[in-house]
Amino acid sequence: MILTVFMAVMFGLGVRSFFVVPPEAKREAEEIEEMLRRQQEEEEARKKALQEELARKAAEEAEQRRIEEELAANPLKAKYTDAAEMTVVGIGDSVMLAASDALYEAFPNGYFDAVFGRTIYDGKKVAASLAQQDTLGDVVVFSLGANSYIEEADVEELIQTCGDRPTFWLTTFGVTNDSNEKTERVISRYDKAYMIDWGSLAAEHINTYILADGLHPTAEGSRAYAQLIHDTINEQVLGKS
């Protein structure tokens, strides 16, 4: 009976009015919702910024590791900024001998052992002697094709003698044989062996770079010869174009 009366009273007053949220409470709820929405937006922006910062740091660390690995694999790049600073050792015949003044000008710290009439066989003896004295320098440049044929075994032996040093091999000009091709076949199998195409450059400027004998460089040709060696070392060892 009491329950019946209570229900009647409730329906008389209106159930709806009993459950309606007061305006003040509704306003507070909306303010809380708005606060949480702003906090959510701020949190999303903060997370995005942090993720971007983490990605940037990760990229920088990866690049630093790459540089360190590259320098570890190529200590000359860590030590020098230009080939002119290096101890460049040249072992050559009369073509290199003719250009010796220009070579010492291009490489003040260099050492060039060049002799008229030298063959590849004599060159191997010189390289072995310098290796025994540990005076082969940073890189070794060979110019030994003017007086003898170069066989693949000769190139292999010289590369082995030079150990881990980069070696550079000047192509011949004015000599008719297949020494250039044999040399190139061998050095293509080594990561630190490189051709220097003096033959093509000399042919392109034969009237100004080559003496009347068709073999040895002029003063201008000698400077071009030295510059070509310098530029090739820069490109291949230091990664400079």
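That block above? That's the structure.
This one's a predicted model, so the numbers in the text were calculated from it and none came from an experiment.

Moving on to the layout of surface pockets. Each pocket or cavity is described by its volume, and for the largest pocket that value is around 180 Å³. Residue lining of the largest pocket: 12 residues in total, with Asn 74, Pro 75, Leu 76, Pro 166 and Lys 192 positioned closest to the centre. Where the lining of the largest pocket is concerned, the elements lending two or more residues are α4 (75-79) and α12 (219-237). Along the lines of polarity and charge, the residues of the lining of the largest pocket split into 6 nonpolar, 2 polar and 4 charged.

In total, this model carries 18 salt bridges according to the counting rule given. In this structure, Lys 182 and Glu 151 form a salt bridge, with 2.7 Å as the shortest nitrogen-oxygen distance. A residue pair is termed long-range when its members are at least 10 positions apart, and Lys 182 in helix α9 (residues 179-187) and Glu 151 in the loop between β3 (139-143) and α8 (152-161) qualify at 31 residues. For Lys 182, a relative accessible area of 14% translates into the label buried. By relative accessible area, Glu 151 is classed as partly exposed at 33%. In this structure, Glu 152 and Arg 185 form a salt bridge, with 2.8 Å as the shortest nitrogen-oxygen distance. Within this pair, whereas Glu 152 is found in helix α8, its partner Arg 185 is found in helix α9, the two being separated by 33 residues in sequence.

Here the focus is the pairing of strand β4 (residues 167-170). In β4, alternate side chains face the same way, and those of Thr 167 and Trp 169 on one face and Phe 168 and Leu 170 on the other are all buried. As judged from the 3 bridges shared by β3 and β4, these two strands associate in the parallel manner. If you follow Phe 142 over to β4, its bridge partner there is Trp 169. Chirality of the crossover, the property in question, places the unit of β3, α8 and β4 among those that are right-handed. In this structure, β4 lies alongside strand β5 (residues 193-196), joined through 4 bridges in parallel fashion.

Basis of the calculations
- Residues numbered from 1 in each chain as written.
- Predicted model: local features only at pLDDT ≥ 70, side-chain atom pairs only at ≥ 80, totals over all residues.
- Heavy atoms only, no water.
- 1 Å grid on protein atoms, 1.4 Å probe; cavity = no way out; pocket = protein on both sides within 12 Å on 5 of 7 lines; lining within 4 Å.
- Points joined across faces, edges and corners; volume = space filled by probe spheres on them.
- Helix = DSSP H or I, 4+ residues; strand = E, 2+ residues; numbered from the N terminus.
- Nonpolar A, V, L, I, M, F, W, Y, C, P; charged D, E, K, R; others polar.
- Salt bridge = Lys/Arg side-chain N within 4 Å of Asp/Glu carboxyl O.
- Buried < 20%, exposed > 50% of the residue type's maximum accessible area, 1.4 Å probe, protein only.
- Pairing = 2+ DSSP bridges.
- Right-handed = clockwise from strand over helix to strand, strands pointing away.

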